[in-house]
Amino acid sequence: MTFNFAMQAIDHIINSAAKTNYMSAGQISVPIVFRGPNGAAAGVAAQHSQCFAAWYGSCPGLKVLSPYSAEDARGLLKAAIRDPDPVVFLENEILYGEAFPVSAEVLDPSFVLPIGKAKIEREGTDVTVTAFSKMVGYALKAAEILEKEGINVEVINLRSIRPLDRATINQSVRKTNRLVTVEEGWPQHGIGAEICTSVVEESFDYLDAPVERITGADVPMPYAANLERMAVPQIEDIVRAVKRACSRSARGK
Amino acid sequence: MAPQISTLRRALFMPAIASRFMAPSALSRSFSRSADEDCSTFTVDIAVQFKGHNVEPPAQVVETSAKELMKFFKDMSRMRRMEIASDQLYKSKLIRGFCHLYDGQEAVCIGMEAALTKEDNIITGYRDHCTYLGRGGTLPEVFSELMGRRNGCTLGKGGSMHFYKKENGFYGGHGIVGAQVPLGVGLAFAQKYEKVKGVTFALYGDGAANQGQIFESLNMAALWDLPAVYVCENNHYGMGTAEWRSAKCPEYYKRGDYVPGLKVDGMDTLAVKQAVGFAKEHALSKGPIILEMDTYRYHGHSMSDPGSTYRTREEISGVRQERDPIERIRKLILLKEIASAADLKSIEKEVKNEVEDAVAKAKESAPPDPSDLYSNAYVKGYGTQAFGCDRKHSTVVLP
């Protein structure tokens, strides 16, 4: 079912799948894919809305992928199945109902995407916004709004949580000098925290403003519609954070 | 495959042979008002035989009164109406997310309440609306919670699957299948430890019955003689999977092995009352016991499930005709001349109005205050900060 139920089997995902190749010194590999919906749906309350990207993303031995578009879903799932290591494949229930345009190349039977490579969904010059899964769509919509206000946003679709494509992210920030990370999960020890640190470690001198992060609220998911709306990132949150990141000018400029 | 289907169908259609009643002690009393107060007891035969596993079943006769039967009728009618109203509210999108309805299974929670007190605990899964009402919840609290309003039983923050009423011994309301059962054993442990003369009833379905944690906690309950009763509400389908497809042994009352079990006609309120009273005594003196309630849900697993892709409409309507718990009580009341058909109709009308009023009130009530987003995350927040989606835009210090 959803990854919320996977917690009842998480011992096996981590201790039997993720660690076995290492513990057996390569004798036993675990070419398994765990796939299912992850994160918040609509009105399903606390026990059914958790995003597990950060938890699984911290485990060596696991690979963690999260598609956004139909192209991602097709290419990444095939890559996951072909991959010889355990892969956690985090889908999104709301995205199941969304249609995406696909090229003939995507529909080709041999189409597959590489694991560990992010995609620049939208090229930009003023600020880098990273996201995965449903939040990519929100980031793209925020970019359209910001375009009208003269801010040119580069949106990176992470696709791969682990391994994280630090190269693409850092290359982008070295170009734009500003970073906003977006995710649905809880803030503490989240995906954005790792991305921020990676950029601080590798591209500190290129940053013209502090890194901003938009995340889920730091609470279990409430049921009531008005509270749920406050607990999950909205497009206006992304817009606000981008404007903050862009409001500081670089020192010496 | 075919033989197993017909076995299941036969089991479901075990007709409710009209109970062989003892000579009615009442005169032709046909006003429900006096019936509501008539506590004089009489006995009723339980039609379907109890089946025991490693235990001598209780007697096939149960004591009841006119007052009790009238209460059963009214309470179950109210629950039935409530679930039907919830169906409509879900379809009009006033209820969101998940909605798992209990109509058809009312005899289980009403029969339980007839044999228990607030000193006993009940814990169940997500099909909890009626269980909540049975534990003293009110219709406005239910509908407000389902619609996510602040005067709901959990302030609108829990939703359909997370109703609680701790002061009345109702511990929820849980979304992850089977997880409530070990929690129930823990509650029983606390009762024994604190020397409270109460028992914990942990409810789960046939779908959950194969969960490992159920057996792990059963072992502990048996080892330490805890006052825990496992109640398997066997409605024969775990979501869309029939019991014969999911369990090697679908005789759930036998699955406890070293723990005794009892199979009960879960559509017969009086049988449930008898079994639950028996189980409570057993749990207090000897240790855990499993009750398998043979019951049925008319709706699908949830409102996303039409409920007719894995079972036939004939099966559903057949159970409704032959075994409906409310109809059973109605027939008994009429047979014993406790009230007239018109009286019962007027009770149904009364209950319908109660439900409609509660729905109307709930529709008008306010959603939770935005500050409730952060309330109750902790008991003690130590002054830490909690953050909203944009941590620089919304942050709160937890008390």
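Residues numbered from 1 in each chain as written. Chains lettered and ligands numbered in written order. Predicted model: local features only at pLDDT ≥ 70, side-chain atom pairs only at ≥ 80, totals over all residues. Heavy atoms only, no water.

Let us look at the layout of surface pockets. For the largest pocket, the calculated volume is near 840 Å³. Per-class residue counts for the lining of the largest pocket are twelve nonpolar, 20 polar and four charged. (1 Å grid on protein atoms, 1.4 Å probe; cavity = no way out; pocket = protein on both sides within 12 Å on 5 of 7 lines; lining within 4 Å. Points joined across faces, edges and corners; volume = space filled by probe spheres on them. Nonpolar A, V, L, I, M, F, W, Y, C, P; charged D, E, K, R; others polar.)

Let's shift gears to the pattern of salt bridges. Under the defined criterion, the tally for this structure stands at 42 salt bridges over all chains. For Glu154 of chain A, the salt bridge is made with Lys175 of chain A, and the minimal N-O distance between the two is 2.5 Å. With a gap of 21 residues between them, Glu154 of chain A in strand β6 (residues 153-157) and Lys175 of chain A in helix α8 (residues 166-176) connect regions that are remote in the sequence. Its relative accessible area of 2% is what places Glu154 of chain A among the buried residues. Note that Arg328 of chain B is salt-bridged to Asp268 of chain B, the shortest N-O span being 4.0 Å. Highlighted residues: Arg328 of chain B in helix α12 (residues 325-335) and Asp268 of chain B in the loop between β9 (261-265) and α10 (269-285), separated in sequence by 60 residues. Neither residue differs from the other here; Arg328 of chain B and Asp268 of chain B are each classed as buried. Three or more residues joined by partner-sharing salt bridges are found here, namely Glu212, Asp237, Arg240 and Arg244 of chain A together with Asp390 and Lys392 of chain B. (Salt bridge = Lys/Arg side-chain N within 4 Å of Asp/Glu carboxyl O. Helix = DSSP H or I, 4+ residues; strand = E, 2+ residues; numbered from the N terminus. Buried < 20%, exposed > 50% of the residue type's maximum accessible area, 1.4 Å probe, protein only.)

Our next topic: the UniProt feature "domain: Transketolase-like pyrimidine-binding" (unreviewed entry) in chain A. Per the UniProt annotation, the sites labelled "domain: Transketolase-like pyrimidine-binding" (unreviewed entry) are residues 1-96 of chain A. Across residues 1-96 of chain A, helical content stands at 36% and strand content at 14%; the span's end C-alpha atoms are separated by 14 Å. (UniProt positions renumbered as here; feature names shortened; annotations may be inferred.)

Let us look at the side chain of Asp390 of chain B. Among the secondary structure elements, Asp390 of chain B is positioned in the loop between β11 (385-387) and β12 (395-397). A relative accessible area of 1% means that Asp390 of chain B is categorised as buried. A polar side-chain atom of Asp390 of chain B sits 2.6 Å from a polar atom in the side chain of Arg244 of chain A. Those residues in contact with Asp390 of chain B, other than ones at most four positions away along the chain, are Ile214, Asp237, Arg240, Ala241 and Arg244 of chain A. (Polar contact = N/O pair within 3.5 Å; in protein donor to acceptor, adjacent residues only side chain to side chain. Contact = heavy atoms within 4.5 Å.)

Before going further, it helps to examine helix α3 (residues 66-91) of chain B. Residue and element names in this part refer to chain B. The end-to-end C-alpha distance of α3, which contains 26 residues, comes to 38 Å, matching closely the 38 Å that a straight helix rising 1.5 Å per residue would cover. Buried residues dominate α3, accounting for 19 of its 26 residues. Phi turns positive one or two residues past the end of α3, at Lys93, with a value near 65°. (Expected span 1.5 Å × (residues − 1).)

With that settled, consider the sheet that holds strand β5 (residues 200-205) of chain B. Sheets are built from strands that pair by backbone hydrogen bonding, the pairs being arranged parallel or antiparallel. Residue and element names in this part refer to chain B. Read from one edge to the other, the open sheet built from six strands follows the order β2-β9-β10-β6-β5-β4, with strand pairing classed as mixed. In this open sheet, the two strands that pair with only one neighbour each are β2 (51-53) and β4 (121-123). Looking at each pair of strands side by side, their axes are set apart by 20° on average, direction ignored. Across three bridges, β4 lies against β5 in parallel orientation. What sits directly across from Asn121, in β5, is Thr200. (Pairing = 2+ DSSP bridges. Axes fitted to C-alpha atoms, helices over the stretch in contact; angles between N-to-C directions.)

Looking now at the interface of chain A and chain B. Contact residues are listed per partner, giving 34 residues for chain A and 37 residues for chain B. Regarding the contact of chain A and chain B, the summed buried area is about 2900 Å², with carbon and sulfur atoms giving 58% of it. Between the two partners, chain A and chain B, sit four salt bridges. The closest approach of N and O atoms between Arg244 of chain A and Asp390 of chain B, which form a salt bridge, is 2.6 Å. Between the two partners, chain A and chain B, sit 14 residue pairs in polar contact (both at pLDDT 80 or more). Mapped onto the side of chain A that touches chain B, the elements with two or more residues apiece are α1 (3-6), β9 (212-214), α10 (225-231) and α11 (235-247) of chain A. The dominant element in the side of chain A that touches chain B, judged by the number of residues it contributes, is α10 of chain A, at six residues. (Buried area = accessible area lost by both parts, 1.4 Å probe.)

With that settled, consider the packing of aromatic side chains. Scanning the entire structure with this criterion turns up eleven aromatic pairs over all chains. Considering the side-chain rings of Phe52 of chain A and Trp55 of chain A, the 5.5 Å spacing of their centres and the 80° angle between planes classify their relative orientation as edge-to-face. On the basis of relative accessibility, which here comes to 42%, the residue Trp55 of chain A falls in the partly exposed class. Both rings, one in Tyr132 of chain B and one in Phe163 of chain B, keep their centres 5.2 Å apart while their planes meet at 70°; by these two values the pair is edge-to-face. Pair noted here: Tyr132 of chain B is in helix α5 (residues 129-134) and Phe163 of chain B is in the loop between α6 (139-146) and α7 (180-193), with a separation of 31 residues, a long-range link. On the accessibility criterion, Tyr132 of chain B (0% relative accessible area) is buried. Through pairs of rings, three or more aromatic residues link up here, namely Phe3, Phe52, Trp55 and Tyr56 of chain A. Between the NZ or CZ atom of Arg320 of chain B and the centre of the ring of Tyr298 of chain B, over which it lies, the distance is 4.0 Å. (Phe/Tyr/Trp six-rings, centres within 6.5 Å; stacked < 30°, edge-to-face > 60°. Lys NZ or Arg CZ within 6 Å of the ring centre and 35° of its normal.)

With that out of the way, let us pick up a nonpolar patch on the surface. All names here are of chain B. On the surface, Phe189, Tyr193, Met220, Leu223 and Trp224 cluster together into a nonpolar patch covering about 570 Å² of accessible area. Contributions of two or more residues to the nonpolar patch are made by α7 and α8 (212-223). The residue Met220 is located in helix α8 in this model. According to the relative accessible area criterion, Met220 is partly exposed, its value standing at 35%. (Patch = residues over 30% accessible without salt bridge, like charges linked within 9 Å, V, L, I, M, F, W, Y side chains within 5 Å. Areas by Shrake-Rupley, 256 points an atom, 1.4 Å probe, with all protein chains shown as cover.)

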